[in-house]
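Structural description and commentary
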Amino acid sequence: MPYFALEQRRRMQWLALLCGLVLGLMLPLPTLAHGGGVPQITDAPAGPYRLFAWSSPDPWQTGSAVHLTVAVTVVDAAGETTPVSDAQVTVVLTAEDEPTQPTQRVQFEATPNPAATGFYEADGELPVAGAWRVEVLVNGALGEGSGVFTNTVQPRSSNNWLIWLGAGVGVLALVGLVGMRQRTAKAKAVQLHRVDSAR
């Protein structure tokens, strides 16, 4: 195989790798956030349960998906911690600035995470910026419990840096692709000229 063909193949592989990396960075953050985030409640008593909660992304923004991970456990008399897999977990979010407005109260039903016993996941969107009171309600065989934290929702940024970064890398990749095609065409022309000259 001629040298220029190997060089072109190598460049195409690097370009494909770069494009894959850019696409990976541009995945929606909630997709990457399942199972973690910023700790909001850590081993807090909630009735008969112990409660943990994490939120993502950080910060929350209006019009963007928010994600909550909740872990529910019980501690027995011997001090052994056991995850609770059969609880019903509901997350109620209330805007602290205007709690009486019906649009300022949102409820998410958390679903059990099949990959992690005792973990529950909830997703949704918040309509307005400001401080939000987040109440995690747990209802299970042992009874009911709840935990509370506050989080601030930022106005959605109109200048998303990930979009600009992706567009910049896309332009660079396009310029690189055009440059490679031009070099390949030039190399082929030179090779054809050499073949014609040798005759």
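Above: the structure in question.
Read on for a plain summary of the structure. (Residues numbered from 1 in each chain as written. Predicted model: local features only at pLDDT ≥ 70, side-chain atom pairs only at ≥ 80, totals over all residues. Heavy atoms only, no water.)

Remarks on the overall build of the protein chain
Within the protein chain, the secondary structure is distributed over three helices and ten strands. Beginning at the N terminus, the succession of helices and strands in the protein chain can be written as α-α-β-β-β-β-β-β-β-β-β-β-α. Expressed as a percentage of the 199 residues in the protein chain, the buried residues total 32%. Total accessible area computed for the protein chain in this model is approximately 12400 Å², and 59% of it derives from carbon and sulfur atoms. (Helix = DSSP H or I, 4+ residues; strand = E, 2+ residues; numbered from the N terminus. Buried < 20%, exposed > 50% of the residue type's maximum accessible area, 1.4 Å probe, protein only. Areas by Shrake-Rupley, 256 points an atom, 1.4 Å probe, with all protein chains shown as cover.)

A few points about the side chain of Thr 90
On the secondary structure map, Thr 90 appears in strand 6 (residues 88-95). Among the polar contacts listed, one links the side chain of Thr 90 to the side chain of Glu 109, at a separation of 3.1 Å. Thr 90 has contacts with Gln 107, Phe 108, Glu 109, Glu 135, Val 136 and Leu 137, leaving out every residue within four places of it along the chain. (Polar contact = N/O pair within 3.5 Å; in protein donor to acceptor, adjacent residues only side chain to side chain. Contact = heavy atoms within 4.5 Å.)

Notes on unusual backbone geometry
Geometrically, the link from Ser 56 to Pro 57 is a cis peptide bond, its omega value of -5° lying close to zero. With respect to the element layout, Pro 57 can be found in the loop between strand 2 (49-56) and strand 3 (60-61). Residues Asp 58 and Pro 59 are joined by a peptide bond in cis, for which omega reads 0°. In this structure, Pro 59 sits in the loop between strand 2 and strand 3. One non-glycine residue, Asp 43, adopts positive backbone phi at about 50°.

Quick word on the packing of aromatic side chains
Overall, the coordinates contain two aromatic pairs when judged by the stated rule. On the numbers, 6.0 Å between centres and 20° between planes, the contact of Trp 54 with Phe 119 is stacked. Here the residue Trp 54 occupies a position in strand 2, and Phe 119 occupies one in strand 8 (residues 119-125), the gap between them amounting to 65 residues. Connected via pairs of aromatic rings, a cluster forms that spans Phe 52, Trp 54 and Phe 119. (Phe/Tyr/Trp six-rings, centres within 6.5 Å; stacked < 30°, edge-to-face > 60°.)

With respect to the pairing of strand 2
Of all the eight residues making up strand 2, six are buried; the element is thus mostly covered by neighbouring parts of the structure. In this sheet, strand 2 lies alongside strand 1 (residues 38-46) in antiparallel orientation, the contact comprising six bridges. Bridge pairing in strand 2 places Val 38 opposite Ser 55. Between the end of strand 1 and the start of strand 2, which pair antiparallel, lie two residues, with Gly 47 showing a positive phi angle near 65°. In the sheet, strand 2 pairs with strand 4 (residues 65-75) via seven bridges, with the strands oriented antiparallel. Along strand 4, the bridge assignment pairs Trp 54 with Thr 69. (Pairing = 2+ DSSP bridges.)

Side note on the nonpolar core
Counting residues in each nonpolar core, the largest one holds 29 residues, and the members touching the most others are Val 72, Val 89, Phe 108 and Leu 126. For this core, the secondary structure elements donating two or more residues are strand 1, strand 2, strand 4, strand 6, strand 7 (105-112), strand 8, strand 9 (130-140) and strand 10 (143-154). If sequence neighbours within four positions are ignored, Val 72 has contacts with Tyr 49, Arg 50, Leu 51, Thr 82, Pro 83, Val 84, Val 89, Gly 118, Tyr 120 and Val 138. (Core = buried A, V, L, I, M, F, W, Y, C linked by side-chain atoms within 4.5 Å.)

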